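Descriptive structure summary
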Amino acid sequence: AEALFQRALKTKPGDPELRTSVAMAQMSQGRSEVALNELRTLASTEASTVGDLALISAMLRQRNVPGALAAIDGFQAKQPKSPQPETLRGQVLLAKADLASARINYEAALKKDPQYMPAIQGLAAIDMRESKPEVAEQRFATALASDPKNTAAMMALVDLKSRRASAADEVTKL
């Protein structure tokens, strides 16, 4: 695969997506340091965020939480109006079981986009960990009230309600 990406890269040497693909192929072949260096270069020099996202993913695969959080900081600098960086940070912090910091980041994402489902889902996951299924359900119900065609919110609400034995009749009503 790397050889094919290298050939394609010769036709478009500066293409950040191709460079990212080459780096990911190198990573899969065990050449992690070479790949990470290329991803760091892409993340720091390209306007495109494809290298940033690949770097975040690579850091997480290596369980390098500080590296992933640093990469998210760089990504956020490129996408200051997007809710995605805060959501990614929330996901990393949630995986670390830092619920308070994860919540802060998910809430910051929702300030940018109140209907951003990954942030709503993240907050609901925290609610469930804190044994507050009613609060989690309310998050999805609110999203659904704002957008009745939001199938992701509908499915999440059905899933949560179906988990609660006392809510079996409510699932049928949905």
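From a predicted model like this one, the values you see are computed outputs, not experimental measurements.

Cut-off values and rules
- Residues numbered from 1 in each chain as written.
- Predicted model: local features only at pLDDT ≥ 70, side-chain atom pairs only at ≥ 80, totals over all residues.
- Heavy atoms only, no water.
- pLDDT = per-residue confidence, 0-100.
- Helix = DSSP H or I, 4+ residues; strand = E, 2+ residues; numbered from the N terminus.
- Axes fitted to C-alpha atoms, helices over the stretch in contact; angles between N-to-C directions.
- Parallel < 35°, antiparallel > 145°, perpendicular 65-115°, else oblique.
- Contact = heavy atoms within 4.5 Å.
- Nonpolar A, V, L, I, M, F, W, Y, C, P; charged D, E, K, R; others polar.
- Expected span 1.5 Å × (residues − 1).
- Buried < 20%, exposed > 50% of the residue type's maximum accessible area, 1.4 Å probe, protein only.

Averaged over every residue, the pLDDT of the protein chain is 90; the share at 70 or more is 91%. Within the protein chain, the element-level pLDDT minimum falls on helix α11 (residues 168-173), averaging 56, and the maximum on helix α7 (residues 99-112), averaging 98.

With a phi close to 60 degrees, arginine 63 is a non-glycine residue in the positive phi region. Along the chain, arginine 63 turns up in the loop between α4 (50-61) and α5 (65-78).

To continue, consider the packing of α5 against helix α6 (residues 84-95). For the pair α5 and α6, interaxial distance at closest approach is 9 Å and the crossing angle is 170 degrees. When the axes of α5 and α6 are compared, the pair comes out roughly antiparallel. On the side of α5, the interface is formed by Val65, Leu69, Ile72, Asp73, Phe75 and Gln76, while α6 contributes Gln84, Pro85, Glu86, Leu88, Arg89, Val92 and Leu93. Residues of the contact of α5 with α6, tallied by class, amount to eight nonpolar, two polar and three charged.

For α5, which comprises 14 residues, the first-to-last C-alpha distance of 20 Å matches the rise-based estimate of 20 Å (1.5 Å per residue) to within 8%. Residues of α5 that are buried: Gly67, Ala68, Leu69, Ala71, Ile72 and Phe75. Looking at the packing, one finds that the buried side of α5 touches α4 and α6.

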